[in-house]
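Descriptive structure summary
Each chain, letter by letter, is given below.
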Amino acid sequence: MYEVLQQFSYTVRDVGFFLWTWVFGLALVGGGIWFSIRTKFVQFTLIGDAIKILSGKSAGKTKGEGDGAAKPKTAFSAFQAFCISECSRVGTGNVVGTVVAITTGGAGSIFWMWAMALFGAATNFVESTLGQLHKENAGDRFLGGPMYYFQKAFKKTKVPSFIVATIIAITYGFVFNSIQMNTIADNLALFLPHRIISGIVIAGLIGFIIFGGAKRIARIATMLLPPMVIIFLTVCFAVIVLNFPLFLQTMGYIVVSAFGTTQVAGGALGFTIAQAFQVGLRRGLFSNEAGIGTVPIAASASDVSHPVKQGCVQSFGVFLDTLLICSATAFLVLMSGLHTGGTTGVILTREAMVYWLGPVGMPFITLMLLLLPFTSLIGNYFYGESCVRFVSKNPATITVYRVGCVLLIVFASLMPLQLVWNVADIFTGTLVTFNVIAMFMLCNVVVKCLDNYREQRKAFKAGTGSDPTFYDDMIGTDTAYWKRNR
C-alpha cells in the first residue's frame, strides 16, 4: 500500500510541476506585482498603521447596520483575527517547509520566498480588504472570504463560490492538516512506541477545541501564538547575532544561489535558477498563504471601523511569517552546513537546532515542532468550517465535518509526507488561480476603499477629522453589512 502511494506521489509531483510552471506561478507573481502597483505599495506605506491597529490603538469598531441584525455574539478584535490567521500561517511551512525548500530548491529558494512575500503582501491586502468589505452577519459571528466576494465578481452564477468553498474546506480541513499532523508524528516518533499514539492524542485535543466553537478557537489561538512566536524568534536571532559574520556570509550565499546554478555535496549538479524560483514560490505560498483566499476568512471575522484596517494587519502578517520566522529557520539550517548531509524535513530541523543549542536544542525544537503545527491545525479548521457553513446551513453538516477532521488527524499520522506535500501544492495553486482572477475583477473597489481610508487618515492626523470609519455609500458600492444606521 505504501509503495502504491509513493508512486502516486511521483505522478502528482509531475503534474504539479507543470501547473506551477505555466499556470499557478504566473497568476501568483503577476497578481502580486499588479496589486502592489495598483495600491501604491500599500504593504510598505501603511505598515505603521498595521502595528498600531494590532496594538488596539486605532482598530475602532464597525458601525455598519446591515443585515438587519444586531452585532454578532462573537466579533473578534483585529488582534484575535490576526492570531487565527497566523495560527494557520505559522506552522509546518515555517519550519519543515523552509527546510524542504532548501533541500529541494537550494538556498536560492529562500531568496524567492522573500521576493514573493514582498509582493504577496499586497495580494494579501487586497483579498483581506475584500473579505472585510463583503462580510455578512451570521448572528453568532461575522462570515466572509472568497466565497462571499466571488458572488460580487461572478454575479451571474454562484458556482465559483461553491467550488472555492469546497476546495478550501477539503484543502485546509484534510490536506493541510495532514501535513501538520504528519510533522507532529515525525517529531514525536523518537519518544513514542508508535506514530498512531500521537495521532490519537492530538485528535482528542483538537476535538475538544473545535467542538467548543469559534470563541474557544480564538481564545486558544491568542493564548498560544504570541508567546510561541516570541520565544522561537528570540532564540533564533540570538544565534544569528552571536554568529553575525557567518550570517552575512550565508546571506550572500542565498542571493548568489538565487541567480545561478549551485552545486550539492560531492560536486554533483545541484539546483538551477528555475528550481529555486519555483520551489521558493510554492513553499512561500504554503507558508504565508498570500493569494490563496483563506486569510480573508479570518480577516472578515474581526470588528474594525474600516475594511482597510484589517487589510493592513493581514498584509503585515505576510512579513512576520516569511521575512522573520521562515528566515530565522533558514539561516539556522544554512549556517550550520547540515543541509548538505542528505537529511531533510523534521530531522534536519532538529539537527540544526541541536548543532546551535547543544543538549537544550532537542527539547526546544521538539516543543516548537509540537506547538507550531498544533496551532495550524486550529487555524486551518477555522477556515474549513467557515467554508462548510457557506455551502450548507444544516448544523449536522458542521458536526460531520468536525468528526471527519478529527478522524483525519489520526490517519494523517501514518501517511507518507511527500504525497501530502505534492497534493497540497496542486490544491493551493488552484485556489490562487481562482482567487487572483476574482481579485483582478474587484480591484477597483479595493482601490476606492483604500483612497477613502487614506483621505480620512490624513484628516484625522491633521486634527480635522475622526478615526477612519467606513460606510459603503462612501465609495458608491453595495455591501451586506457596511450600511449607515437605518
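Data block above holds the structure.
Keep in mind that what you see is a predicted model, and the values were worked out from it rather than measured. (Residues numbered from 1 in each chain as written. Predicted model: local features only at pLDDT ≥ 70, side-chain atom pairs only at ≥ 80, totals over all residues. Heavy atoms only, no water.)

1. Some words on the overall build of the protein
The secondary structure content of the protein amounts to 18 helices and 4 strands. Out of the 486 residues belonging to the protein, those deemed buried represent 58%. As displayed, the protein offers around 18400 Å² of accessible surface, 69% of which is attributable to carbon and sulfur atoms. (Helix = DSSP H or I, 4+ residues; strand = E, 2+ residues; numbered from the N terminus. Buried < 20%, exposed > 50% of the residue type's maximum accessible area, 1.4 Å probe, protein only. Areas by Shrake-Rupley, 256 points an atom, 1.4 Å probe, with all protein chains shown as cover.)

2. What about the environment of I347?
Among the secondary structure elements, I347 is positioned in helix 15 (residues 345-357). Since its relative accessible area comes to 47%, I347 is described here as partly exposed. Placed 251 residues apart in sequence, I347 and V96 show a C-alpha to C-alpha distance of 9.1 Å.

3. As for helix 3 (residues 47-54)
Among the residues of helix 3, those classed as buried are D49, A50, I53 and L54. Buried positions in helix 3, seen along its axis, are confined to an arc of 135° and lie on one side of it. Just beyond helix 3, the residue with positive phi is G56, at close to 90°. (Arc of directions from axis to C-beta.)

4. Considering the packing of aromatic side chains
Each aromatic ring pair is described using two quantities: the centre-to-centre distance and the angle formed by the ring planes. If you walk through the whole model with that rule in mind, you get 24 aromatic pairs. Judged by centre distance (4.7 Å) and plane angle (55°), the ring pair of F247 and F331 falls under tilted. In this pair, F247 is assigned in helix 11 (residues 244-258) and F331 in helix 14 (residues 307-336), connecting sequence segments 84 residues apart. Neither residue differs from the other here; F247 and F331 are each classed as buried. Geometrically, the ring pair formed by Y481 and W482 is edge-to-face, given 6.0 Å between the ring centres and 85° between the ring planes. (Phe/Tyr/Trp six-rings, centres within 6.5 Å; stacked < 30°, edge-to-face > 60°.)

5. Looking at the packing of helix 3 against helix 14
Packing of helix 3 against helix 14 brings their axes to within 8 Å, and their N-to-C directions diverge by 100°. Comparing the axis directions of helix 3 and helix 14 gives the class roughly perpendicular. Packed against helix 3, whose contacting residues are I47, A50, I51, I53 and L54, the element helix 14 presents K309, C312, V313, F316 and F319 at the interface. When the residues that make up the contact of helix 3 with helix 14 are grouped by side-chain class, the tally is 9 nonpolar, no polar and 1 charged. (Axes fitted to C-alpha atoms, helices over the stretch in contact; angles between N-to-C directions. Parallel < 35°, antiparallel > 145°, perpendicular 65-115°, else oblique. Contact = heavy atoms within 4.5 Å. Nonpolar A, V, L, I, M, F, W, Y, C, P; charged D, E, K, R; others polar.)

6. Focus: the environment of S198
Along the chain, S198 turns up in helix 9 (residues 195-210). Judged by its relative accessible area of 2%, S198 is buried. The contacts of S198, once residues within four sequence positions are left out, are M181, A185, L188, L192 and S413. Here R195 takes part through its backbone oxygen, which lies 2.6 Å from a polar atom of the side chain of S198. (Polar contact = N/O pair within 3.5 Å; in protein donor to acceptor, adjacent residues only side chain to side chain.)

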